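Structural characterization, general
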Amino acid sequence: RRPPTKDFVAINEIAAAFFTEKLASSPEALAYIEGRGLDGPTVEAFGLGYAPADWGQLADRLAVLGRDTLQKAESLGLIRAKKSGNGFFDLFRDRLQFPVRNQDGRIVGFSGRTLGGDPEAPKYVNSPDSHLYHKGKLLFGLAQARDRIRLTKRAIVVEGNVDVLAMHQAGFTETLAPLGTALTSGQALLIKRVAEDVVLLFDGDPAGLRAADKSLHVFLQASLHPRIALLPMGEDPDSFLQTHGGEALAEILAAAPRGMD
C-alpha cells in the first residue's frame, strides 16, 4: 500500500529548504542569478536553491530522519542507493534548483540547471517520474501564474525556467513553461482549463521556430488556437526584457498573429 501523498510532499519540502539554505553559500549560483538579472523577491517567490557539488549532503540530511524517509526520497529521485556498500548519494549536484509545484502549489519535484563547466552535462536535469511527478502533465510556473491566468484568461508559454522568472519579474505573471521537453497534450489540456488566449513566446532562431510549430500542432489537437510571438534573432524573453524592457515585449505579445495565420 502506497504511503500518503503528504509524506512525499513533506520530503520534497525538506529538500527544497535544504537547497534554499545552500544557495547563500554558493558564489557560482548567486553570480548566475545576478547575471540573469533576477531579484530577491523573484528568487524567493519561486523558491530557488542550490544542490551542492558534494555527493551526499542531502542524503546525510535525510538520513537523520530514518530509513523510511531515505526510501521515500529515493522513489522521488532525490537520492539513490550506492551500488557498493551502504548509504545513498544525491542525484542533483552542483545545480541551481527550481522547485516544481503542481497546480495546487505543492512541491512535486525539481528541475536543476547545471552550473559546472562540464560540456557533456545536460543543461537541465528533472526529477524522474514518480507518483507525484509526471513531467508531461506539469508546467513550470503554473502555481505562480494560475490566479493571473484566470483573471486575464491569457497564458504566455515560454521555453525555459529562467524565462518564466524573468517574465514574472517584468509583470507578465501569466507565464509558464513545459519542463525541458516539447509541449505535451497533457500540458495543453492543463492550460486549456484556465486560459482562453494562449501566446507562444519563443526565440526567433530556427530552434524556436521548430518549437513553435510543434507546440501549435499540440494546441490545435486540444482545440486551442494559440497566437505565436517570435522574438528577434538571437533573443530570448530574458535577454529581450533586459535590453528592450517590458513595454516593447507587451507590443510584441499584443501583435502576435494566430498560429494558423
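Throughout what follows, the structure given in this document is the object of discussion. (Residues numbered from 1 in each chain as written. Predicted model: local features only at pLDDT ≥ 70, side-chain atom pairs only at ≥ 80, totals over all residues. Heavy atoms only, no water.)

A closer look at the overall build of the chain
The number of helices and strands found in the chain is 11 helices and 10 strands. The C-alpha atoms of the chain give a radius of gyration of 19 Å, which matches the 18 Å a tight globule of 261 residues would have. Counting only C-alpha atoms and orienting by the principal axes, one finds that the chain spans roughly 60 × 40 × 30 Å. Going through the 261 residues of the chain one by one, you find that 49% of them count as buried. Once local pairs closer than 6 in sequence are excluded, the contacts in the chain between residues at least 24 apart make up 67%. For the chain, the exposed area adds up to about 12,500 Å²; of that, 50% sits on carbon and sulfur atoms. Charge centroids of the chain, computed over 30 positive and 32 negative side chains, lie 9 Å from each other. (Helix = DSSP H or I, 4+ residues; strand = E, 2+ residues; numbered from the N terminus. Rg over C-alpha atoms; globule rule 2.2 N^0.38 Å. Buried < 20%, exposed > 50% of the residue type's maximum accessible area, 1.4 Å probe, protein only. Contact = heavy atoms within 4.5 Å. Areas by Shrake-Rupley, 256 points an atom, 1.4 Å probe, with all protein chains shown as cover. Lys, Arg positive; Asp, Glu negative; His and termini not counted. Charge placed at Lys NZ, Arg CZ, Asp CG, Glu CD.)

Observations concerning the sheet that holds strand β8 (residues 175-176)
Hydrogen bonds between backbone atoms are what pair the strands of a sheet, whose relative direction is either parallel or antiparallel. Read from one edge of the open sheet, four strands run β8-β7-β9-β10, paired in parallel fashion. Bordering the open sheet on either side are β8 and β10 (227-230), each of which pairs with just one other strand. Here strand β7 (residues 154-157) pairs with β8 via two bridges, running parallel. By the bridge assignment, Ile 156 is partnered in β8 with Thr 175. Relative to the sheet, helix α9 (residues 206-221) contacts β7, β9 (197-202) and β10, its axis offset from that of β9 by approximately 160 degrees. (Pairing = 2+ DSSP bridges. Axes fitted to C-alpha atoms, helices over the stretch in contact; angles between N-to-C directions.)

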